[in-house]
Amino acid sequence: MAEQDLIIPELGEHLPTPDIAEDALADVRSYPAKPQLQEALGFPTELVEDWEEKAIAKMGELLEKYRSLRLYLDICVKCGACTDKCQFFLGSGDPKNMPVARQDLLRQVYRKHFTAGGKYAPDLVGAKPLTREMLDEWFTYYHQCSQCRRCSLFCPYGIDTAEISMAAREIMDSIGMGQKYTNEVVLKCHQIGNNLGIPEAALRNICEGVEEDLEEETGVSIRVPVNEAGADVLLVAPSADFFAEPHIDGLIGYAKVFHQAGISWTVSSHASEAGNFAMYLGSYEHMHKVSTRIRTAAIDLKVKRVVMGECGHAWRAAYSFLNTICGPWDFLDPNYPIPQHICEFTQDLIERGGLALDPTANDHMTVTFHDSCNPARAAGMGGYPGGQFEIPRSIIRACCNKYVDMHPDFIREKTFCCGGGGGLLTEELMPVRIAGATPRLQALKQVMDNDGVTHMAAICAICKSQFTAILPKVDMDPDMIVSLHQLVSNAIQLGAKD
Amino acid sequence: MTFLTVVYAILFYVATIVLIGGLAYRVWSYFKLPVPLKVFTAPAPRTRSGAALRVAREIVFFESLFLSNKWIWIFSALFHASLLVVLITHLRYFMEPVWGWVALIQPIEPYASLAMVAGLGGLWVRRLFEPRTRYVSGVSDHLMLALLIAIALAGLAMKFVSHTDIIMVKAFYLGLMRFDWQPLPADFFLLVHLLLVAVLMIVLPFSKLLHLPGVFFSPAINQADDARERRQLASWNAAFDALREK
Ligand code: SF4
Ligand code: SF4
Ligand code: SF4
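Cut-offs used in this document
Residues numbered from 1 in each chain as written. Chains lettered and ligands numbered in written order. Predicted model: local features only at pLDDT ≥ 70, side-chain atom pairs only at ≥ 80, totals over all residues. Heavy atoms only, no water. Helix = DSSP H or I, 4+ residues; strand = E, 2+ residues; numbered from the N terminus. Expected span 1.5 Å × (residues − 1). Buried < 20%, exposed > 50% of the residue type's maximum accessible area, 1.4 Å probe, protein only. Contact = heavy atoms within 4.5 Å. Polar contact = N/O pair within 3.5 Å; in protein donor to acceptor, adjacent residues only side chain to side chain. Near = heavy atom within 4 Å. Nonpolar A, V, L, I, M, F, W, Y, C, P; charged D, E, K, R; others polar. Patch = residues over 30% accessible without salt bridge, like charges linked within 9 Å, V, L, I, M, F, W, Y side chains within 5 Å. Areas by Shrake-Rupley, 256 points an atom, 1.4 Å probe, with all protein chains shown as cover. Salt bridge = Lys/Arg side-chain N within 4 Å of Asp/Glu carboxyl O. Lys, Arg positive; Asp, Glu negative; His and termini not counted. Charge placed at Lys NZ, Arg CZ, Asp CG, Glu CD. Pairing = 2+ DSSP bridges. Right-handed = clockwise from strand over helix to strand, strands pointing away.

Right, let's talk about helix 9 (residues 166-178) of chain B for a bit. Residue and element names in this part refer to chain B. For helix 9, with 13 residues, the first-to-last C-alpha span of 18 Å sits near the 18 Å given by 1.5 Å per residue. Among the residues of helix 9, Val169, Lys170, Phe172, Tyr173, Leu174, Gly175 and Leu176 are the ones counted as buried. Elements that come into contact with the buried residues of helix 9 comprise helix 1 (3-32) and helix 10 (188-203). Where helix 9 begins, one side-chain oxygen reaches toward the backbone nitrogen of Ile167, 3.1 Å away; that side chain belongs to Asp165. Immediately beyond the C-terminal end of helix 9, within one or two residues, lies Phe179, with a positive phi of roughly 55°.

Residues and elements named next belong to chain A. Lining the immediate environment of ligand 2, one finds Cys86, Gln87, Phe88, Arg102, Cys145, Ser146, Gln147, Cys148, Arg149, Arg150, Cys151 and Thr161. If you list the elements that add at least two residues to the shell around ligand 2, you get helix 4 (87-90) and helix 9 (150-154). Looking at the shell around ligand 2 residue by residue, the class counts come to five nonpolar, four polar and three charged.

With that settled, consider a negative patch on the surface. Residue and element names in this part refer to chain A. Taken together, the side chains of Glu208, Glu212, Asp213, Glu215, Glu216 and Glu217 define an acidic patch exposed on the protein surface. Mapped onto the fold, Glu215 is located in helix 12 (residues 200-218). On the basis of relative accessibility, which here comes to 41%, the residue Glu215 falls in the partly exposed class.

Attention now goes to the sheet that holds strand 2 (residues 265-266) of chain A. Residues and elements named next belong to chain A. Strand order in the open sheet formed by four strands is 2-1-3-4, and the pairing between neighbours is parallel. With one partner strand each, in any of the chains shown, strand 2 and strand 4 (340-341) form the two edges of the open sheet. In terms of strand pairing, strand 1 (residues 233-236) meets strand 3 (residues 305-308) through four bridges, oriented parallel. By the bridge assignment for strand 3, Leu235 is matched with Val307.

Side chains of strand 3 of chain A alternate between two faces, with Arg305 and Val307 of chain A and Val306 and Met308 of chain A buried alike. Read as a crossover between parallel neighbours, the route from strand 3 of chain A over helix 16 (residues 312-326) of chain A to strand 4 of chain A is right-handed.

For the bond from Gly327 of chain A to Pro328 of chain A, the omega torsion is -10°, close enough to zero to count as cis. Along the polypeptide, Pro328 of chain A turns up in the loop between helix 16 and strand 4. Across the junction of Glu96 of chain B and Pro97 of chain B, the peptide omega takes the value 0°, indicating a cis bond. With respect to the element layout, Pro97 of chain B can be found in the loop between helix 4 (70-89) and helix 5 (100-105). The residue Lys78 of chain A is not glycine, and still its phi comes out positive at about 55°. Note on placement: Lys78 of chain A falls in the loop between helix 3 (67-75) and helix 4. Residue Lys78 of chain A is classed as buried on the basis of its relative accessible area of 6%. With phi around 55°, Phe62 of chain B is a residue other than glycine that occupies positive phi space. Among the secondary structure elements, Phe62 of chain B is positioned in the loop between helix 2 (48-61) and helix 3 (63-68). On the basis of relative accessible area, Phe62 of chain B is assigned to the buried category, the value being 17%.

Written as structure tokens, this is what we have:
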């Protein structure tokens, strides 16, 4: 996708609901996965010959496995309440990015093959056969959904388009039509242990480098241990935390927190990734394989607790799925949540007076917080509903004197996705990512103009990467995106508790 | 016994069987489908009773819809609430003696019918003229609204246009229930009203009107947020558990 093709949104005071712009994003397609990649994941290498039959058979199989899928395909009343809720529609006007229209791509075929109405009165109920064009639309539009579940929140029946897009992707993979980006990431995670493909030697190098920098900067010897058996805590961070900006500042923050708390910890080279892109594929098998690395690492390293780093979808995979997919976790210390979020960990220390924080260290910033959609709508925190909103804010307030929330319609459970989740964080989808980011940036611009906000904190690796990439395109400063634990890192008074 | 009476009697037996059998089958089929993962839409209540309350709030107040779109909420709340009233007042055709409170609210029936038409009309206007909703509407979505409005209008016509002998109608239904058929008055509006009601009863289990029992089963709404405390299991977990080395 050439740079000049990008439609750069104008950011104004309000977020208008766009008029329908048919096919606005129809040409923005993910790259298909190459044959070797498909093969390595156990999927057919190219579109199989009898793909129509196979796809319908797979759909039938999934309909028997997931109540959510069948129910959600059945009960939508086309009320239209969700039509203006998806950030990809709001940023583009492409009607197939309205959640119900996105669902309909699958629903039309479902009706044709699995319902009486679709068999006997297809035109009446909008049942359609699975043609090549339809399959191509699936590939396009199910890879323009970040599975953020904003639509589910606003639907009177909780209809969750993420469930449907996961099923669609699973069907497509099963007939040889995988998406390059997500499949590559899953394979890297299987083969090397993390999404970015950082091998153990490099991981050790990076962590040693961070230790040296920290010592130089603070004069204190702060550890970032790798594979240290017998540590109390296994920290599973998104691999971007070892690699990218501003993510790595978050890692430094975790290290300082552990240091000051005096709790021994380690990262694992076997499970050097919190994320679970297999979730985006909808594949239970691959999700199981990715999740099991964490279990294996925890057992091998004989840790007592598992703490997850700042990563949105990883927190969903951990909080909501880990227990189901590779539990029970009865070998860990039951006195702590399993798994625990790094924010829960830090908040707990703050509450017990275990951290010395000086918020004036962040006085050069006025901070707002982007609720990442996966923690917001697909997980919890702190053991009470809404903990995922209160805890990060409470940490930020402990570390910063100036904190401002964005417009109440666009935060907490109503938050927008950053536009890069769900396997969309790839270059060829840039127009989709810009469209998806627009509503969030609009809300951000508002508090920048009205309240002098200078920085936006996030607890998601993808959000951080996505915003860092998109902000320059709308003439905003990419450095304004910060890791939440970067704020902690700035504020923490090392030595104060020694 | 007129031919008409026989036709309508059979029609209503068939419609009742289809409705009850169809709904029971759908409910049973949803019930037995696995829910292999925790997929509540957060923030969700922490306990199962809390989640049940959330389902109840969705059913009684259309909570999410209120959050989502006030116009749709107003029209559909108006429609559903008045439908409920009308269904209750219609109970009088199926019981003798009539429960006191049912008889008591009977005078509001015409108003409820009008409110029903207003709600449905509002929904239809949105469907026709709001571009996004129009885009996602299929033929059947319009037909459903037409059907419901026609039922209500035919019902109102019996009250305001040409009066029907409702004592006879009641005898007809009580007769159906006791397998002792009684004649049905051959009034135009009554026949239209009843025919359309039978059609509605027959299509209901096969259509989107299924959202009725569906609400109870939506995991986004009915699951408690206890993912870390309670392992959500499906029949295939054991096979996966056996796969791992540790
Ligand atoms: S809000 Fe729910 S029921 Fe209404 S159109 Fe969207 S998905 Fe369908
Ligand atoms: S899950 Fe998110 S991205 Fe997907 S359709 Fe719903 S609102 Fe849009
Ligand atoms: S990247 Fe962040 S905002 Fe985007 S989908 Fe993931 S959690 Fe949601």
